[in-house]
Amino acid sequence: MSVIDIKLAPLVLSKASRTVTKPQGVGGKLLRRPTFVLSVLILGFWVAAPVVLAFLGLDGLNRTGGVNQPPGGGHPFGTDNLGRDVFIRTLAGAGPILTIAPAATAIATVVGAAMGLAAGYFRGIVDDLLMRSFDILHALPGIIAILLVTAAFGRSPVTIMIAIGIFFAPIIARTVRSAVFVETGKQYVESARSQGESTWRILFVELLPNVAPTLIVEATIRLGFAVFASAGLSFLGLGAQPPSPDWGLVVSQNRIFIQTAWWSVTFPALAIMTLVVAVNLIADNLREVLQS
Amino acid sequence: MATLIEADGGVYTGTAVSSVQRRPIGRIIARRLVQVPIVLFIVSVLVFWLVQVVPGDPGRSVLGPYATDAQVALWKEQHGIVGASVEGYLTWLGAFLRGDWGISLLYNEPVRPLITAWLINSMTLGVYAFVLVVVFGIALGLFQAFHQGRRSDRGLTIGLVSLSAIPEFAVGTVLLVVFSVFLGWFPVYSGILPDTTLSDRLRAMTLPAFTLMAASVGYVARMVRAGTIETLESPFYRTAVLKGLRERQIVSNHVIRNSLVPSVAVLGGQLAYLIGGTAVVETLFSYPGIGLASVVAVQRKDIFVLEAVIMVTALASIVLLLVTDLIYMALDPRIDISSRNQQ
């Protein structure tokens, strides 16, 4: 897993938001919201934890000798059935999910924005095709669609990432399409057209920045769902494979020890709770501030 | 996860959509009915292609690299696999429509009775969870509406939205540790045998049902809250208050009925989720339903079970969503389903 991947998504988001609306206004409003600040701190903690561990040379695979030790002593969260430190592995477990979920969201955002811009601008057949493909893709429960994909292309984090990206893309496209509908009625689009600007330019230079606030909000909401989805898929054994410290995988692997070593499943479960709640509160705050 | 994904409440954040024309209701229903076979056809092509064609020769992947070509050919003949062609697809579809769903490679039993048993288990669990969702969703939504804007309302909103964002396995794990490991109220595994008594069944299903409920109660509570607030601001509510009716009477006779209509759509979607998307919860609790079966089928390459599971789940969820929309229209004829889909 690379450090760059993890950091990319939040960076891209914050950069984009700056170009869109008045910078001080949005940033200041967000910073005055305690739930937003707390959530950013939690997310920052989970982004930093695997990176710091990697620097310290603690990869969560070190065996300590004591198997299924309860919390206490040198192991604040105890040890698992192979004698690995649950605390270190829980910290390291943020790595896989914070690689897969932002990457899946990035795929969905790029593909979805392009589809939504095209459908909203050209309408007609392009639009119909998009909406019908959406109907079909979402007629199936998501899990079933992804089971199909993993049955065909094998179980791996990359399959999961692309599958989630493709599954979310039409949702983002639909939101962008609605926003484009509103924008195309405005004068600047008309004047760009009459000045003979190319279609590409109108789509990506004129329209895209103006639908960006909607896109950013939708992308952060999708990020929350991507974390949810990829964690669940790892739990089902369709994503990360052992000995990855991925939270979903760890919980499913230690499920059979729940009566003898409850700590080996409880702490990863609590960790993912803090992460998803933080991501969702960030999305929630962004929506309220950017769309007010 | 998937269920993960279906937990997606379809959060709509865009700005206003262009004006929507109204269409006669008969045409809308007809259109939806025509869509069902089309979607099922596309799903069946996808299932055939992704399960039997993309991963390579199914006979070879089941028998392994040391089987002779003749053995592979014989195996495929015995299992009615023609090949990766239009003819192969039609043969498979024909057998499937006649009710010949093949033999489970894992259990060595016909697939159809297996699926039926799993489906009944899943539906039982789904209905249990659905009852919980309805009861808690309505109670919480009403409570929030009557405390609108207060700290308890805002806290509940944040709490419920957060709860629905947490993967089911995390909620389920915490429930298991607290109520099964420490308190010992419920079994650690929810396996069900034919001779399990009803009360044991209910006990085994309780934690899975509450886990499912946690994921979807937030959406329902939000709809109930919004519907109730709208009702509370309406003239007939004021009339009822001015008439001097007692609050309990107003709530039960006037408010609840009017505020529940918008919730029906969400409830239907949730029921589809509860029955179709329970793979994670069933896996966590080892509950023998269709979700667990689908996961095992993928992991063990039990292709005939996988095909049947997906076809059945797709059919069930499509029909459920259609029925929901019809009920929704019947409850409130002003609702134009086509406009809801536009958003």
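Being a predicted model, the structure only gives us computed values, none of them experimental.

The rules we used
- Residues numbered from 1 in each chain as written.
- Chains lettered and ligands numbered in written order.
- Predicted model: local features only at pLDDT ≥ 70, side-chain atom pairs only at ≥ 80, totals over all residues.
- Heavy atoms only, no water.
- Helix = DSSP H or I, 4+ residues; strand = E, 2+ residues; numbered from the N terminus.
- Buried < 20%, exposed > 50% of the residue type's maximum accessible area, 1.4 Å probe, protein only.
- Contact = heavy atoms within 4.5 Å.
- Areas by Shrake-Rupley, 256 points an atom, 1.4 Å probe, with all protein chains shown as cover.
- Buried area = accessible area lost by both parts, 1.4 Å probe.
- Salt bridge = Lys/Arg side-chain N within 4 Å of Asp/Glu carboxyl O.
- pLDDT = per-residue confidence, 0-100.
- Phe/Tyr/Trp six-rings, centres within 6.5 Å; stacked < 30°, edge-to-face > 60°.
- Lys NZ or Arg CZ within 6 Å of the ring centre and 35° of its normal.
- Core = buried A, V, L, I, M, F, W, Y, C linked by side-chain atoms within 4.5 Å.
- Axes fitted to C-alpha atoms, helices over the stretch in contact; angles between N-to-C directions.
- Parallel < 35°, antiparallel > 145°, perpendicular 65-115°, else oblique.
- Left-handed = near helix turned anticlockwise from the far one by under 90°.
- Nonpolar A, V, L, I, M, F, W, Y, C, P; charged D, E, K, R; others polar.
- Patch = residues over 30% accessible without salt bridge, like charges linked within 9 Å, V, L, I, M, F, W, Y side chains within 5 Å.

Q: Could you clarify how one ought to interpret the overall build of chain A in this entry?
A: A count of helices and strands for chain A gives 12 helices and 0 strands. Helices and strands in chain A line up, N terminus first, as α-α-α-α-α-α-α-α-α-α-α-α. Taken across its 292 residues, chain A has 55% of its residues classed as buried. Sequence-distant contacts in chain A: of pairs separated by 6 or more residues, those separated by 24 or more amount to 73%. Total accessible area computed for chain A in this model is approximately 12100 Å², and 67% of it derives from carbon and sulfur atoms.

Q: Teacher, can you tell me more about the overall build of chain B here?
A: Counting secondary structure elements, chain B contains 15 helices and 0 strands. The proportion of buried residues among the 343 residues of chain B is 48%. Counted over contacts in chain B with a minimum sequence separation of 6, partners at least 24 positions apart contribute 74%.

Q: I would appreciate a short explanation of helix 13 (residues 290-300) of chain B in the present structure.
A: Structurally, the α-helix is built with 3.6 residues per turn, so residues lying three or four positions apart point the same way. Residues and elements named next belong to chain B. The element helix 13 is extensively covered by neighbouring structure, given that 8 of its 11 residues are classed as buried. Among all positions in helix 13, only I290, G291, L292, A293, S294, V295, A297 and V298 are buried. The positive-phi residue at the C-terminal boundary of helix 13 is K301, with phi of around 55°.

Q: How do you make sense of the environment of T206 of chain B when you look at a structure like this?
A: Structurally, the position occupied by T206 of chain B is in helix 9 (residues 198-232). In this structure, T206 of chain B is in contact with Y128 and F186 of chain B, ignoring residues within four places of it in sequence.

Q: Would you take a moment to explain the interface of chain A and chain B for this structure?
A: It is common to report an interface's size as the accessible area lost on association of the parts. At the junction of the two partners, chain A supplies 63 residues and chain B supplies 67 residues. Here chain A and chain B share an interface that buries about 5400 Å² over both sides, 74% of which is from carbon and sulfur atoms. Of all residues in chain A, L148, F228 and R255 of chain A give up the largest surface area on contact with chain B, accounting jointly for 14% of the area buried on that side. Linking chain A with chain B are 0 salt bridges.

Q: Is there a simple way to explain the confidence of the model for chain B in this structure?
A: Close inspection of predicted coordinates is inappropriate in any region flagged by low pLDDT. All names here are of chain B. Per-residue confidence for chain B averages 78 on the pLDDT scale, and 83% of its residues sit at or above 70. Scored below 50 in pLDDT, residues 1-21 makes 71 contacts in the model with residues more than four places away or belonging to other chains. In this model, residues 337-343 is a region of pLDDT below 50 whose contacts with residues beyond four sequence positions or in other chains number 18 contacts. Predicted complex, confidence summary: ipTM 0.77, pTM 0.78.

Q: Which parts of the structure should I look at to understand the packing of aromatic side chains?
A: Any aromatic ring pair is given by two values, namely how distant the centres are and how the planes are angled relative to each other. Scanning the model with the defined rule gives 19 aromatic pairs over all chains in all. On the numbers, 4.9 Å between centres and 80° between planes, the contact of W46 of chain A with W247 of chain A is edge-to-face. One end of the pair, W46 of chain A, is in helix 3 (residues 34-56); the other, W247 of chain A, is in helix 11 (residues 247-254), with 201 residues separating them in the sequence. As far as burial versus exposure is concerned, W46 of chain A and W247 of chain A are alike and both buried. Seen from their ring centres, F41 of chain B and Y89 of chain B are 6.4 Å apart, and the 80° between their planes marks the pair as edge-to-face. On the criterion of sequence distance, the pair formed by F41 of chain B in helix 2 (residues 25-53) and Y89 of chain B in helix 5 (residues 86-97) is long-range, its members being 48 residues apart. Under the relative-accessibility criterion, Y89 of chain B is labelled buried at 9%. Connected via pairs of aromatic rings, a cluster forms that spans F41, F48, Y89, W92, F96 and W101 of chain B. Of note, R222 of chain A hangs over the ring of F168 of chain A, and the distance from its end group to the ring centre comes to 5.4 Å.

Q: What am I meant to see in the nonpolar core here?
A: Within soluble globular proteins, side chains that are nonpolar generally end up buried alongside one another. Grouped together as the largest cluster of nonpolar side chains are 147 residues, with contacts concentrated most on I164 and L275 of chain A together with I115 of chain B. Discounting residues that sit within four places of it in the chain, I115 of chain B has contacts with W101, I290, V305, A308, V309 and V312 of chain B. In this structure, L232, Y237, A240 and V255 of chain B belong to the second largest nonpolar core, which totals 5 residues.

Q: Just checking my understanding: could you explain the packing of helix 8 (residues 157-184) of chain A against helix 10 (residues 199-235) of chain A for this structure?
A: Packed helix pairs are characterised by how far apart their axes lie and by the angle those axes make with each other. Residues and elements named next belong to chain A. Interaxial distance between helix 8 and helix 10 falls to 9 Å at its minimum, and their mutual angle equals 155°. Taken as axis vectors, helix 8 and helix 10 run roughly antiparallel relative to one another. Considering how the two elements wind past one another, helix 8 and helix 10 form a crossing that is right-handed. The residues of helix 10 that touch helix 8, namely those facing I160, I164, F168, I171, I172, T175, V176, A179, V180, E183 and T184, are L207, N210, V211, T214, L215, E218, R222, F225, A226, A229, S230 and L233. Here the contact of helix 8 with helix 10 is built from residues that sort into 15 nonpolar, 5 polar and 3 charged.

Q: Whenever I open this one, the environment of V224 of chain B confuses me. Can you help?
A: In this structure, V224 of chain B sits in helix 9. For V224 of chain B, a relative accessible area of 0% corresponds to the buried category.

Q: Help me understand a nonpolar patch on the surface in this model?
A: Residues and elements named next belong to chain B. On the surface, V127, V131, V135 and F136 cluster together to form a nonpolar patch covering roughly 320 Å² of accessible area. Relative to the helices and strands, V127 resides in helix 6 (residues 111-146). The class of V127 is partly exposed, set by a relative accessible area of 44%.

Q: How should unusual backbone geometry be read in this particular structure?
A: The general pattern is negative phi for most residues beyond glycine and trans for most peptide bonds. All names here are of chain A. Geometrically, the link from P242 to P243 is a cis peptide bond, its omega value of 5° lying close to zero. Among the secondary structure elements, P243 is positioned in the loop between helix 10 and helix 11. Its identity is not glycine, yet R123 carries a phi of approximately 50°, on the positive side. Mapped onto the elements of the fold, R123 is located in the loop between helix 5 (94-122) and helix 6 (124-137). Residue class for R123 comes out partly exposed when judged on its relative accessible area of 35%.

Q: Help me out: how do you make sense of the pattern of salt bridges in this one?
A: Pairs can form between side chains of opposite charge once their charged atoms are near each other. Counting across every chain of the model gives 8 salt bridges over all chains. Here R201 of chain A ties to E197 of chain A by a salt bridge, and the two come within 3.4 Å at their closest N and O atoms. On the basis of relative accessibility, which here comes to 41%, the residue R201 of chain A falls in the partly exposed class. With a relative accessible area of 18%, E197 of chain A lands in the buried category. With its nearest N and O atoms 2.9 Å apart, the salt bridge here joins R225 of chain B to D153 of chain B. Of this pair, R225 of chain B sits in helix 9 while D153 of chain B sits in helix 7 (residues 151-165), and the two are 72 residues apart along the sequence.

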